Amino acid sequence: MLYVSQSRDAVILVQPDPLDVQDELRSTNQCLTLGKHSWKYNVKYGRPGLLINPSKDSDVLRGSTTDIVNRIYHNMCPGHQTLPNVQFTFPDILLIVEFTEPAYYNAIPYLELLYRRYFPNILYCGLEPETLKEQIVAEKLGFPIYYLQALNDTWQTKYECIQHAMKMCDNFTGYLLIGDDTLINMTNFERTPKYKAMVGDEFVRSRLFVITTHFQYSWPCWGLEGGRSAMLGVLNELAFKANRDNDHLAQQFLRNYYSFVNHSNIFYFMAIDFLYVPKRLSSIFLYMTSLFLKYKASVEVAIPFFVCACNTQRTCTLLE
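These lines cover the structure that appears in this document, whether it is placed above or below. This is a predicted model, so every value here is computed, not measured.

Observations regarding the overall build of the protein chain
The helix and strand tally for the protein chain stands at 11 helices and 11 strands. In the protein chain, which comprises 320 residues, the share counted as buried stands at 52%. Within the protein chain, counting contacts between residues at least 6 apart in sequence, those at least 24 apart form 77% of the total. As displayed, the protein chain offers around 15,600 Å² of accessible surface, 49% of which is attributable to carbon and sulfur atoms.

Given below as structure tokens:
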């Protein structure tokens, strides 16, 4: 039986590439170590590292989180008192900020003020590291910036940022991805169990979906690359793995997904500006994002697809 049997679309069973994510997950304990990015040479794609201002006038600060935030605050608001301490922090969660445009790197000082006291570990993910270097020097940013260069594709950068973060040598218990213009409700996030995956509450309020038998739909990206053809490619390969390879991860994922949506030919979609994935779900997340990247699936339909499958296991929740 094929999992898309009720669709009018032809199901093409294509033999997957010899090396897939399961092989990578079964390999030796290889992980991405944190290093220091070269200031003189190009920043390597997909490698996390620190960017440190080399200018003698930058007064680079390597103090505590409180020292860094207070220095930024005093530079922005001279004469004002020190910021009060926060009531709770998330030292075991990596905050990942994805930039849609390199021009928005100028928001980093404001993001530091907003989030650094809550999240001691922040990874900035985006394009054009040379633009970021110019911004660091121009603004005399005197603190190390944890940076990851991502794909030059707006619709895949978000889940690729988390994918690379999950491959790092770290002790984080979860990964929280936000957009460069996203404001987190810290109180709600603190109250929510961290063993579940989280997305914005728009998923429940809107429940927007597209149908595989329709080439055009209200979501404009459905008929473009990353939409219908990409998601059918992901679905077909999952069906191949589940039926021909007896792949238990694929079998469980599809079983959970169809149990949740109760349809064989729809995909939900939503804007993704907030996504939390606990580390215990990293294996299935890496498994699925390897397929999303292979078929260039848009994040606005790929992540809801992932969320629908883990929702059945009561491992997902919604943050208002």
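That shown, we press on.
Looking at the state of the cysteines
Under the defined criterion, the tally for this structure stands at 2 disulfides. Between C31 and C169 runs a disulfide, and the two sulfur atoms are separated by 1.7 Å. The chirality of the disulfide connecting C31 with C169 is right-handed, given an S-S dihedral of about 95°. On the criterion of sequence distance, the pair formed by C31 in the loop between α1 (21–26) and β1 (35–36) and C169 in the loop between α5 (157–166) and β6 (174–179) is long-range, its members being 138 residues apart. The exposure class assigned to C31 is partly exposed, which follows from its relative accessible area of 35%. Here C125 pairs with C161 through a disulfide, and the sulfurs are 2.0 Å apart. Around the S-S axis, the bridge from C125 to C161 shows a dihedral of about -80° and counts as left-handed. Of this pair, C125 sits in strand β4 (residues 122–126) while C161 sits in helix α5, placing them 36 residues apart in sequence. Here C125 falls in the buried class, since its relative accessible area comes to 0%.

How each quantity is defined
- Just so you know, the residues in each chain are numbered from 1, in the order the chain's sequence is written.
- Local features in a predicted model are, by the rule used here, given only for residues with pLDDT of at least 70; side-chain atom pairs are given and counted only at 80 or more, and totals for whole chains, interfaces and linings are based on all residues.
- As a rule here, side-chain values come from all non-hydrogen atoms in the structure, and water together with hydrogens is ignored.
- For the purposes of this entry, the term helix denotes a DSSP run of H or I that reaches at least four residues, the term strand denotes a run of E that reaches at least two, and both are numbered from the N terminus.
- Any residue under 20% of the maximum accessible area for its type is buried, any over 50% is exposed, and the rest in between are partly exposed; the area is computed with a 1.4 Å probe on protein chains only.
- Working rule for contacts: check all heavy atoms of both residues, and any pair within 4.5 Å makes them a contact.
- For the area figures, the Shrake-Rupley method with a 1.4 Å probe applies, and any residue is considered shielded solely by the protein chains shown.
- Defined by distance alone, a disulfide is two cysteine sulfur atoms within 2.5 Å.

So yeah, pure geometry; function would need other evidence.
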